[in-house]
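Residue-level structural notes
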Amino acid sequence: METSFALTGKGYVIVAADTTAARSIVKMKVDEDKIKELSSHLLMAYSGEPGDTVQFAEYVERNIRLYQIRNLYPLRPSAAASWVRRSLAESLRSRNSYTVSLLLGGYDLATHTPNLYWIDYLGTSVEVPFAAHGYGSYFALSLLDRYHDPEASLEEGLATLKRCIDEVSKRLVVSPGKYKVKIVDKDGVREVEL
Amino acid sequence: MARRYDSRTTIFSPEGRLYQIEYAMEAISHAGTVLGVLAKDGVVLAAEKRVTGKLLDLSGAKEGGYGGSGEKMFLLNSNVIGGVAGITSDANSLVNYARTVAQQHLLQYNEDIPVELLAQRLCDMKQGYTQYGGLRPFGVSLLYAGYDPHYQFQLYHSDPSGNYSGWKATCIGANNGTAQSLLKQEYKDDISVKDAIGLVLRVMSKTMDSTTLGSEKLEFAVLTYDEAAKAPKAKIYKPSEIDALLKSEGLAKKDEDTEMKST
Amino acid sequence: MSIMEYNGGSVIAMVGKDCVAIASDLRLGNQALSISSNFQKIFPVTDRIYLGLPGLATDVTTLRERFRYRVNMYTIKEEREIEPETFAHLVSSTLYEHRFGQYFIEPVIAGLSKTPSGGVKPFIAATDIIGCLNFAKDFVVAGTASSKLFGVAEGLWEPDLEPEDLFETISQSLLNAVDRDAFSGWGAIVHVITKDKVTTRTLKGRMD
């Protein structure tokens, strides 16, 4: 089942999401990228109702891009999170709401800090040091409580992420096979192989 | 002949000019001076008040409004002070608009509006009145002294045509040419707020019609950064604070100045 | 499972002698799973009014932003700060506007109002999810631990407590009530509002 993790460290945010696109009990695709690069220093992992996810992610992506074109500089992570949250909260009380869970990770160039936001389909948004969505979260959050260190180096952060992925693979019945991992730091976003 | 192209703001004259806008700018160049200086750790604004008369009831303005607004200095948002020159009623309407825009940005993005974005939004509105039919442009120039995390301290100027530009030190209103050449001579790139206050007051005292400075003719505001609160701090001076400041800078009116006393 | 218990969280406000206190827990959960141990539910409205918003977390943020906007516009237009009584009615009418399609929040307001003689008078109030006001003279409670809070506060509160004693009373009331509630806890924050300052303290509770 869909699972995504994210954690902050010293000057970076790691965002990871599984790569399966499933329909009912069938895996349709095993190399789906569910982490969008919203701007030079902003990542968004999305999961939830198929259809809603891509639709909403693209809506966010284009609005963030529009802001950047109009105003010469991109939205800061906190402002982007507020805007996305508001979109979901307004959608919730509309006739057809988006059912999407998000992890928004960014590096704020103005304050030089990594920021991570946990956002659910209701429009609940909270800044956290680490976060997870999906069934994997029941295993990963307790591991992260034990092993997360906000001052950890990138190697240590990736090792912690590896622990989460391994634990989910070991204990979750419907565990996903592969993950895509992206990092955002002062130099921007990049993908890494675990 | 020019008359034929005067009445409509939206029509170019044969020489390619928009007369109404030029007239609006002319009106502003007779208004009270507003002067701004950008320092490395803040921005300083000063304005000359034109309306003085002992019958004018100012008791309502004693306390200062939202953030201690004056006649020509307004807190547009917690991170931006605006100084206006021109038609007061037009200015009030623009200030209202700016405050609403800033609050809507706060509502939508949970952050103080970036200074340039606020200037842009006002200019979009001003420009609209130079193009859409039958209306008069805003007879107002503004100085925006602000802070945002993108570019730290900033000073912008916008005019009735909807043009805006960023400045290290500038001046609008009466005698702005004199003031600007004075500023050009005396401005240093790494000036501190403390020195900027002195510079602003010195230039003001030279450009204003009256020989002496006092709180009845001067408005003053400073934007700095409050390290403790991790937020910009906008301060629009109260009349008593202006007099105290002038005294400490050695520019206060002298006791023998009876002319000022009688007015 | 009621939507009011989806995220969990509780708020309490108490009156003292020329002071008021308001406190909340810091948990944000997804039913039984805790997501954050630093989710603020109490927000400053002016220098001497605080607003607590326990309930559905999405509406905590939405209402917080909405009230900030309304209060800022009020301050600009009126050229003065809003009084607690006025603000309570703003809260009430905002919630009742959404009578059909409610915000799932039970707001708690704590503040000091100005008296004509220049002194201050403690003010607390709470409303239900559609804005029915309850002005209390002693204390108000709301959130998933409200039933427990009623019991403890009833036992501990007494009239005319000085700021330091009020802090102790509200802290003990909250910490002991949330210990019996699975949906609240994970530390607490307490604001004590007096005439010339607001004292804010973050407390550790049973962090489980």
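Presented here is an overview of the structure given in this document. Every value quoted in this text rests on a predicted model; they were computed, and no experiment measured them. (Residues numbered from 1 in each chain as written. Chains lettered and ligands numbered in written order. Predicted model: local features only at pLDDT ≥ 70, side-chain atom pairs only at ≥ 80, totals over all residues. Heavy atoms only, no water.)

What about the overall build of chain A?
The condition is simple: Strands are runs of DSSP state E lasting at least 2 residues, helices are runs of H or I lasting at least 4, and numbering of each runs from the N terminus. Both definitions apply: the radius of gyration is a C-alpha atom measure, and the globule rule equals 2.2 Å times residues to the power 0.38. The buried label applies to any residue whose accessible area, calculated with a 1.4 Å probe on protein chains only, is under 20% of its type's maximum; exposed applies above 50%, and partly exposed to all values in between. The contact definition used throughout considers only heavy atoms, calling two residues in contact when any of these lie within 4.5 Å. All accessible areas in this document rest on Shrake-Rupley with a 1.4 Å probe, and a residue is counted as covered only by the protein chains that are shown.
Across its full length, chain A carries four helices and 12 strands. Since a compact globule built from 194 residues should have a radius of gyration of about 16 Å, the 16 Å found for chain A is in line with a globular shape. Structurally, chain A occupies a C-alpha span of about 45 × 40 × 25 Å along its principal axes. Burial status across chain A gives 54% buried among its 194 residues. A separation of at least 24 residues holds for 61% of the contacts in chain A among residues at least 6 apart in sequence. Accessible area for chain A stands at about 9100 Å²; split by element, carbon and sulfur atoms hold 50% of it.

Comments concerning the interface of chain A and chain C
To keep it simple, the criterion reads: Once two parts are joined, some of their accessible surface, as seen by a 1.4 Å probe, is lost; buried area is that loss totalled over both. Only one rule defines a salt bridge in this text: a Lys or Arg side-chain nitrogen within 4 Å of an Asp or Glu carboxyl oxygen. Throughout, the ten residues Ala, Val, Leu, Ile, Met, Phe, Trp, Tyr, Cys and Pro are labelled nonpolar, Asp, Glu, Lys and Arg are labelled charged, and all others, Gly among them, are labelled polar.
Counting residues at the interface gives 17 residues for chain A, matched by 19 residues for chain C. For the chain A and chain C pair, buried surface summed over both sides reaches about 1400 Å², with 57% attributable to carbon and sulfur atoms. Broken down residue by residue, the surface that chain A buries against chain C is led by Arg85, Arg93 and Leu122 of chain A, which jointly contribute 35%. Viewed at the interface, chain C and chain A are joined by three salt bridges. In this structure, arginine 93 of chain A engages aspartate 59 of chain C in a salt bridge whose closest nitrogen and oxygen atoms are separated by 2.9 Å. When contributions to the side of chain A that touches chain C are tallied by element, the ones reaching two or more residues are helix H2 (77–92), strand E9 (125–127) and helix H3 (137–147) of chain A. Among the elements that take part in the side of chain A that touches chain C, H2 of chain A stands out by supplying four residues, more than any other. A per-class count over the side of chain A that touches chain C returns nine nonpolar, four polar and four charged.

Focus: the sheet that holds strand E7 (residues 100–108) of chain A
Residues and elements named next belong to chain A. For clarity, the cut-off: We treat two strands as partners when DSSP finds at least two bridges between them. In this description, a line fitted to the C-alpha atoms serves as the axis of each element, helices being fitted only across the stretch in contact, and the angle between N-to-C directions of two axes falls anywhere from 0 to 180 degrees.
Spatially, five strands are ordered E5-E6-E7-E8-E9 in an open sheet, and the strand pairing comes out antiparallel. Strand pairing shows two members of the sheet lacking a second neighbour, strand E5 (35–39) and E9, which therefore form its edges. Taken over all neighbouring pairs, the strand axes of this sheet differ in orientation by 20 degrees on average, direction set aside. Two strands pair when backbone bridges link them, and E7 and strand E8 (residues 113–119) are joined in this way by seven bridges, in the antiparallel orientation. Within E8, the residue paired with leucine 104 across the bridge is tyrosine 117. The sheet contacts of helix H1 (residues 52–71) involve E5, strand E6 (42–48) and E7, and relative to E5 the element is tilted by about 15 degrees. The sheet contacts of H2 involve E6, E7, E8 and E9, and relative to E7 the element is tilted by about 165 degrees.

Observations concerning the side chain of threonine 46 of chain C
All names here are of chain C. Applied cut-off: Pairs of N or O atoms are called polar contacts if they sit within 3.5 Å, as long as, within protein, a hydrogen donor faces a hydrogen acceptor (for residues adjacent in sequence, only side-chain-to-side-chain pairs).
Summarising the element assignment, threonine 46 is placed in strand E5 (residues 42–46). Threonine 46 gets classed as buried once you look at its relative accessible area, which sits at 11%. From its side chain, threonine 46 meets the backbone nitrogen of isoleucine 49 in a polar contact 3.2 Å long. Setting aside chain neighbours within four positions, we find threonine 46 in contact with Glu81 and Ile82.

Some words on the sheet that holds strand E10 (residues 139–143) of chain C
Note: strands within a sheet are paired through backbone hydrogen bonds, in either parallel or antiparallel orientation. Residues and elements named next belong to chain C. Read from one edge to the other, the open sheet built from five strands follows the order E10-E1-E2-E11-E12, with strand pairing classed as antiparallel. Strands with a single pairing partner mark the edges of an open sheet, and in this sheet they are E10 and strand E12 (198–203). Averaged over all pairs of adjacent strands, the angle between strand axes in this sheet comes to 10 degrees, irrespective of strand direction. Note that strand E1 (residues 10–15) and strand E2 (residues 20–25) share five bridges and pair antiparallel. Residue pairing across strands places methionine 14 opposite alanine 21, the latter belonging to E2. Sheet contacts for helix H3 (residues 146–156): E1 and E10; angle to E10, the most-contacted strand, approximately 160 degrees. Against the sheet, helix H4 (residues 163–179) makes contact with E1, E2, strand E11 (188–193) and E12, and its axis sits at roughly 155 degrees relative to E1, the strand it touches most.

Re the packing of aromatic side chains
The condition is simple: Here a pair means two rings of Phe, Tyr or Trp (six-membered ring of Trp) with centres within 6.5 Å. Their orientation is stacked below 30 degrees between planes, edge-to-face above 60, and tilted elsewhere. In this scheme, Lys NZ or Arg CZ marks a charge over a ring once it lies within 6 Å of the ring centre and within 35 degrees of the ring normal.
Taken as a whole and judged by the stated rule, the model has 15 aromatic pairs over all chains. Between phenylalanine 220 of chain B and tyrosine 237 of chain B, the aromatic rings sit 5.0 Å apart at their centres with planes inclined by 85 degrees, giving edge-to-face as the arrangement. Separated by 17 residues along the polypeptide, phenylalanine 220 of chain B in strand E9 (residues 218–226) and tyrosine 237 of chain B in the loop between strand E10 (231–236) and helix H6 (239–248) bring together distant segments of the chain. For the pair formed by phenylalanine 220 of chain B and tyrosine 237 of chain B, the shared burial category is buried. Taken together, the ring pairs connect Phe56, Tyr59, Trp83 and Tyr98 of chain A into an aromatic cluster. Above the plane of the ring of tyrosine 147 of chain A lies arginine 146 of chain A, whose end atom (NZ or CZ) is 4.9 Å from the centre.

Concerning H1 of chain A
Residue and element names in this part refer to chain A. What counts is decided by this rule: To estimate how far a helix should reach, multiply one less than its number of residues by 1.5 Å. Directions are taken from the helix axis to each C-beta atom, and the arc is the one they span.
For H1, which comprises 20 residues, the first-to-last C-alpha distance of 28 Å matches the rise-based estimate of 28 Å (1.5 Å per residue) to within 8%. Those residues of H1 that sit buried are Asp52, Thr53, Phe56, Ala57, Val60, Ile64, Tyr67, Gln68 and Asn71. Mapping the buried residues of H1 onto a view down its axis gives an arc of 125 degrees, with all of them on the same face. Every exposed residue of H1 that faces more than 90 degrees away from the buried side is listed here: Gln55, Arg62, Ile69 and Arg70.

Some remarks on the pairing of strand E4 (residues 33–36) of chain C
Residue and element names in this part refer to chain C. Bridging between strand E3 (residues 28–30) and E4 involves three bridges; their strand directions are antiparallel. Across the sheet, residue asparagine 30 finds its bridge partner in E4, namely leucine 33. Counted along the chain from E3 to the antiparallel partner E4, the turn is two residues long, and its residue glutamine 31 has a positive phi close to 55 degrees.

Here we look at a negative patch on the surface
Residue and element names in this part refer to chain C. What counts is decided by this rule: Patches draw on residues past 30% relative accessible area with no salt bridge. Two like charges within 9 Å are joined, as are two nonpolar side chains (Val, Leu, Ile, Met, Phe, Trp, Tyr) within 5 Å. Counted as positive: Lys and Arg. Counted as negative: Asp and Glu. His and the chain ends are not counted at all. Charge positions come from single atoms, namely NZ of Lys, CZ of Arg, CG of Asp or CD of Glu.
Residues Asp18, Glu158, Asp160, Glu162, Asp165 and Glu168 make up a contiguous surface patch of negative charge. Considering the arrangement of structural elements, one finds aspartate 160 in the loop between H3 and H4. Residue class for aspartate 160 comes out exposed when judged on its relative accessible area of 54%.

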